[in-house]
Amino acid sequence: MTERNRIMPPAAKWMLIPVLLGSATSALAAPEPSTRLVECSTGDCLLVTGRRDDRHAPVSINGHEIAVKGDCRWQARLPVETFRAWSAPNARTVTVSVDGEETKARLPVGMFVRPEKLTMLVIRPK
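Residues numbered from 1 in each chain as written. Predicted model: local features only at pLDDT ≥ 70, side-chain atom pairs only at ≥ 80, totals over all residues. Heavy atoms only, no water.

Some details on the environment of R51
Inspection of the secondary structure assignment puts R51 in strand β2 (residues 43-51). Separated by 20 residues in sequence, R51 and D71 place their C-alpha atoms 8.3 Å apart. With residues up to four places along the chain from it excluded, the contact list for R51 reads P31, C72, R73, W74 and V98. (Helix = DSSP H or I, 4+ residues; strand = E, 2+ residues; numbered from the N terminus. Contact = heavy atoms within 4.5 Å.)

The following block contains the structure:
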């Protein structure tokens with residue numbers, strides 16, 4: 001192999017910069033909390049999951065401190081009716097606070113639509 005074949009072309013080096021920066025920032029960023037609808041003993045519940053560095057760090061949802069299961073990887077189940085009472089009408093996100101740091105998590109599609117008022121729901125892949 002000649003010396004010329006071992007050197008990366010300048011254009012290729014510039015193309016690698018976004019890849020390297022993207023992988024570095026994603027490794028440093030904490031995973032966002034997530035939500036989904038699940039069944040529970042009281043009916044439908046909103047399952048909220050997230051991560052925290054300190055297992056004793058308080059977790060709150062929309063300003064209401066909640067009890068969670070788990071240590072660094074935690075989860076909480078809230079009855080849908082309770083969550084609706086804590087949220088603005090037609091909200092699309094929930095505010096999750098872990099040890100005072102607030103982040104937004106997207107709510108499941110149709111979270112605030114009453115089943116009897118939902119005629120049709122169309123979901124398209126991005």
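On we go from here.
Digging into the side chain of S87
Following the sequence through the fold, S87 ends up in the loop between α3 (80-86) and β6 (93-98). Judged by relative accessible area, which is 14%, S87 ranks as buried. At a separation of 3.0 Å, a polar atom in the side chain of S87 contacts the side chain of N62. Within the local environment of S87, its side chain forms a polar contact with the backbone oxygen of F83, the two atoms lying 2.9 Å apart. Residue contacts for S87: discarding those within four places in its chain leaves N62 and F112. (Buried < 20%, exposed > 50% of the residue type's maximum accessible area, 1.4 Å probe, protein only. Polar contact = N/O pair within 3.5 Å; in protein donor to acceptor, adjacent residues only side chain to side chain.)

With respect to the state of the cysteines
Within this structure, the stated rule accounts for one disulfide. C40 shares a disulfide with C45; S-S distance 1.8 Å. Between C40 and C45, the disulfide has an S-S torsion of 55° and is therefore right-handed. With a relative accessible area of 22%, C40 lands in the partly exposed category. Owing to a relative accessible area of 2%, C45 belongs among the buried residues under this scheme. (Disulfide = S-S within 2.5 Å.)

Quick notes on the pattern of salt bridges
This model, assessed by the stated rule, comprises two salt bridges. Across the salt bridge formed by R55 and D71, the nearest N and O atoms sit 3.3 Å from each other. Separated by 16 residues along the polypeptide, R55 in the loop between β2 and β3 (59-61) and D71 in the loop between β4 (64-66) and β5 (73-79) bring together distant segments of the chain. The class for R55 is partly exposed, based on a relative accessible area of 45%. Judged by its relative accessible area of 41%, D71 is partly exposed. Note that R84 is salt-bridged to E81, the shortest N-O span being 3.0 Å. Within this pair, R84 and its partner E81 are both found in helix α3, separated by three residues, close to a single helical turn. (Salt bridge = Lys/Arg side-chain N within 4 Å of Asp/Glu carboxyl O.)

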